[in-house]
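Letter by letter, the chains look like this.
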Amino acid sequence: MHRHLSVSMADYQKIAHALQKSEGEPVHIRGWIYRTRSSGKLAFVVVRDESTIIQVVAEKERLPDEEFAGAQKALIESSVDIEGLIHEDERAPGGREIHATSFRVIQFAEDFPITEDHSTEFLLDNRHLWLRSRRLTTIMKIRHTVVGAIHEFFRSRGFYEFHPPILQPSQCEGGATLFEVKYYGDTTYLSQSWQLYAEAAVFALERVYDVAPTFRAERSKTSRHLSEFWMAEMEAAWMELDEATQYAKDEIKFVLRRVLEHHERDLAYLGRDPEILRALLDKEWPTIKYREALEVLAEHGMDVPFGKDLRTLEEEELMRHFDTPVVVTHYPKETMAFYKPRDPQHPDEALCFDMLAPEGYGEIVGGSQRSTDIEELMESLEQQGEDPRNYEWYLDLRRYGSVPHSGYGVGVERLLAWICALDNIKDAIAFPRTVTRKSP
RNA sequence: GCCGGCGUAGCUCAGUAUGGUGGAGCACUCGGCUGUUAACCGAGCGGUCACCGGUUCAAAUCCGGUCGCCGGCGCCA
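Asker: Help me understand unusual backbone geometry, please; the structure alone is not making it clear to me.
Answerer: Excluding glycine, residues mostly have negative phi values, and the peptide bonds linking residues are mostly trans. A cis amide bond links Ser439 to the next residue, Pro440, at an omega of 0 degrees. Mapping Pro440 onto the fold places it in the segment after helix H14 (412-420). Backbone geometry places Trp238, a non-glycine residue, at a positive phi of 60 degrees. Summarising the element assignment, Trp238 is placed in the loop between strand E11 (228-237) and helix H7 (241-262). Given the relative accessible area of 57%, Trp238 is considered exposed. For Glu359, which is not a glycine, the phi torsion comes out positive at approximately 60 degrees.

Asker: Explain the nonpolar core to me, please; I cannot follow it from the model alone.
Answerer: As a rule of thumb, soluble globular proteins bury nonpolar side chains together. Core analysis: the biggest nonpolar cluster contains 57 residues, and Val146, Met234, Val365, Tyr408, Leu415, Trp418 and Ile419 have the highest contact counts within it. At ten residues, H7 tops the list of elements feeding residues into this core.

Asker: How should the pattern of salt bridges be read in this particular structure?
Answerer: Should the charged atoms of two oppositely charged side chains come close, the side chains can pair. Scanning the model with the defined rule gives 32 salt bridges in all. One salt bridge in this structure joins Arg278 and Glu264, with 3.2 Å as the shortest N-O distance. In this pair, Arg278 is assigned in helix H9 (residues 274-281) and Glu264 in helix H8 (residues 264-269), connecting sequence segments 14 residues apart. A relative accessible area of 35% means that Glu264 is categorised as partly exposed. Its salt-bridge partner being Glu392, residue Arg399 comes within 3.1 Å of it at the nearest N-O pair. For Arg399, a relative accessible area of 37% gives the class partly exposed.

Asker: Whenever I open this one, the protein's contact with RNA strand B confuses me. Can you help?
Answerer: Within the structure, RNA strand B sits among 48 residues, and Arg37, Glu97, Asp117, Ser119 and Arg414 are positioned closest to it. Close to the protein, within 4 Å, the atoms of RNA strand B belong to sugar or phosphate groups at a rate of 52%. Glu121 is positioned such that a nitrogen or oxygen atom in its side chain is 2.6 Å from a sugar or linking oxygen of RNA strand B. For RNA strand B, a phosphate oxygen lies 2.9 Å from a polar atom in the side chain of Ser223. Taken together, the elements giving at least two residues each to the surface near RNA strand B come down to strand E1 (26-39), strand E5 (96-107), helix H3 (120-125), E11 and strand E15 (362-369). Counting residues per element, the surface near RNA strand B draws most heavily on E15, which supplies four residues. Along the lines of polarity and charge, the residues of the surface near RNA strand B split into ten nonpolar, 17 polar and 21 charged.

About the criteria used
Residues numbered from 1 in each chain as written. Chains lettered and ligands numbered in written order. Predicted model: local features only at pLDDT ≥ 70, side-chain atom pairs only at ≥ 80, totals over all residues. Heavy atoms only, no water. Helix = DSSP H or I, 4+ residues; strand = E, 2+ residues; numbered from the N terminus. Buried < 20%, exposed > 50% of the residue type's maximum accessible area, 1.4 Å probe, protein only. Core = buried A, V, L, I, M, F, W, Y, C linked by side-chain atoms within 4.5 Å. Salt bridge = Lys/Arg side-chain N within 4 Å of Asp/Glu carboxyl O. Near = heavy atom within 4 Å. Polar contact = N/O pair within 3.5 Å; in protein donor to acceptor, adjacent residues only side chain to side chain. Nonpolar A, V, L, I, M, F, W, Y, C, P; charged D, E, K, R; others polar.

So, in structure tokens, the structure goes:
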């Protein structure tokens, strides 16, 4: 059962390719058993590979006894190497099947734990096996396209890919949510954001971006939170708030366009109507101020006093009035992170923005112009209980040729969850990490 | 952190109100079947009823406690 396995360098086709062949043409595929059933002299074995699935018919009279016996008894997820002839038959799923002339089992799988009844918890415990499901395979392919599109978007616009440290001594988004790491007898932390380091980089490279893991030890148990997630961030010198929000809209539209080009059928398989996304491409995505959002909420009986951040409930109510993503700017300065600058025109507002996705998916982008005022920065740090002396290197960036600059981050899994209409963000990443989930 | 729900076979669940020899479907094994579509038919295998304690002649069921998980909220991408 645990023998050494080997493969030959024969001429194999992807199943998707084999499915395009005509009646009687020979094919040679390899993959894993997806479904199987047999009667006395026939076995119907549906085989999957990375591309798709196809039904293989094994007939007792056409195969050596040993191979037919193998086809009959091989359990789901056994690995197989099959040669045969394409046969068009309306009884086959997809209208085409393979009549096997050779059926080699590479490894007889043990009883596969995942069957048709399953709880989300069980599937998470067996994530290393559930990864093979069509659902997760499809999502991972779309994720590949989303991340590729983000790289393409920024590179084609003159941005440099820049890598910040993952181990960082100071915080960016609030102290309670840091993961501590032992560091040669000292303590350091996993990155919550690349931002402070990206700000250092824009004085050299001017425009930088990155897609990198981010760690937040928030005790959030919701369908929108992960402890380890990927953030696609950009930071640009000589850029103010308006241009940054426009970049965010352009980037998300670009990603949608690439996904629609490559994954229309995948989206449909996941239950996401591609037309809903396509309709967004030609529309203008509104930008409103936080104060205007409060007015919309007040008209619908939700009185939020200026100064409170929008809660999930309020974001959802707000988004009921829009059918596209919406950018909300100028949140109250007092609740915002220390690096978000005051608006000189309205000192109680910060030059910052969030992008909210429709259909209840909420915040997918967060960003701001960055404060260049050392006094303001030190004051905000102290207000948030921080010691400005820990941020000397960051303050240095304002002492040597400071310029206006802005940046934002896109939550890759949140974006993916919205694009794929997932009901839980955990399915947007291969091995999710949450408050209560750290394995496999 | 707060609120709600759940924990019984490998998996998904019923059984708990009203205590009385632990069930079903799926998976797996064996037998049958030459066109299956989550195949079907028959048989078999399979249990620390989350854990600890209590009440009782008798506890999956009642009482007390503990642990774990899921979801919502807060916070955030």
